[in-house]
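Structural overview for review
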Amino acid sequence: DTSIELVAARCPQLRHLDVRAGYGCVTDVGVCAVAEHCHQLQCLIAAESNGKVTDKAISMIARRCPDLRHLNIATTLGTVTDDSIL
């Protein structure tokens, strides 16, 4: 998460982020930092997070990243539901 937080803070024009297969290294903290700083994000791949990415983070991405076109949250072990984008 610390690395993702640094990237998010220093790259506010980030449009594509692939952090899949972190196997629990990427959590809501990192994804929320991206949502907070990278409002031009168009693609986020946060698959295989072993349940560490939840509705909280995806809801924040949905609210703060209006240009988002692609979201891959496969294999989050049920921690991301439809509620995060409704």
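The paragraphs below set out a description of the structure included in this document. Given the structure is predicted, the values throughout are model-derived calculations rather than measurements.

1. Quick notes on the pattern of salt bridges
Scanning the entire structure with this criterion turns up 1 salt bridge. Across the salt bridge formed by arginine 20 and aspartate 18, the nearest N and O atoms sit 2.6 Å from each other. By relative accessible area, arginine 20 is classed as partly exposed at 42%. Assessed through its relative accessible area of 33%, aspartate 18 is described here as partly exposed.

2. Here we look at the environment of isoleucine 61
Along the chain, isoleucine 61 falls in helix α3 (residues 55-64). Note on isoleucine 61: relative accessible area 0%, which makes it buried. C-alpha of isoleucine 61 to C-alpha of leucine 71: the two residues are 10 residues apart in sequence and 9.7 Å apart in space.

3. Observations concerning the side chain of threonine 76
Position of threonine 76 relative to the elements: it lies in the segment after β3 (70-72). Given a relative accessible area of 5%, threonine 76 falls into the buried group. Setting aside residues no more than four positions away along its own chain, threonine 76 makes contact with Ala46, Ser49, Gly51 and Val53.

4. Some words on the side chain of aspartate 28
Locating aspartate 28 in the fold gives a position in helix α2 (residues 28-37). Nearest to the buried, unbridged aspartate 28 among oppositely charged side chains is lysine 56, at 5.5 Å.

5. Quick notes on the packing of α2 against α3
Two elements in contact, α2 and α3, have axes separated by 9 Å at closest approach and are oriented at 10°. The angle between α2 and α3 falls in the class roughly parallel. Along its contact with α2, which presents Asp28, Val31, Cys32, Val34, Ala35 and Glu36, the element α3 presents Lys56, Ala57, Met60, Ile61 and Arg64.

6. A short note on the packing of helix α1 (residues 2-10) against α2
It is at 8 Å that the axes of α1 and α2 come closest, and there the two elements cross at 0°. If you check the angle between α1 and α2, you find them roughly parallel. Touching Ile4, Glu5, Ala8 and Ala9 of α1 are Val29, Gly30, Ala33, Val34 and His37, all from α2. A per-class count over the contact of α1 with α2 returns 6 nonpolar, 2 polar and 1 charged.

Calculation criteria
- Residues numbered from 1 in each chain as written.
- Predicted model: local features only at pLDDT ≥ 70, side-chain atom pairs only at ≥ 80, totals over all residues.
- Heavy atoms only, no water.
- Salt bridge = Lys/Arg side-chain N within 4 Å of Asp/Glu carboxyl O.
- Buried < 20%, exposed > 50% of the residue type's maximum accessible area, 1.4 Å probe, protein only.
- Helix = DSSP H or I, 4+ residues; strand = E, 2+ residues; numbered from the N terminus.
- Contact = heavy atoms within 4.5 Å.
- Lys, Arg positive; Asp, Glu negative; His and termini not counted.
- Axes fitted to C-alpha atoms, helices over the stretch in contact; angles between N-to-C directions.
- Parallel < 35°, antiparallel > 145°, perpendicular 65-115°, else oblique.
- Nonpolar A, V, L, I, M, F, W, Y, C, P; charged D, E, K, R; others polar.

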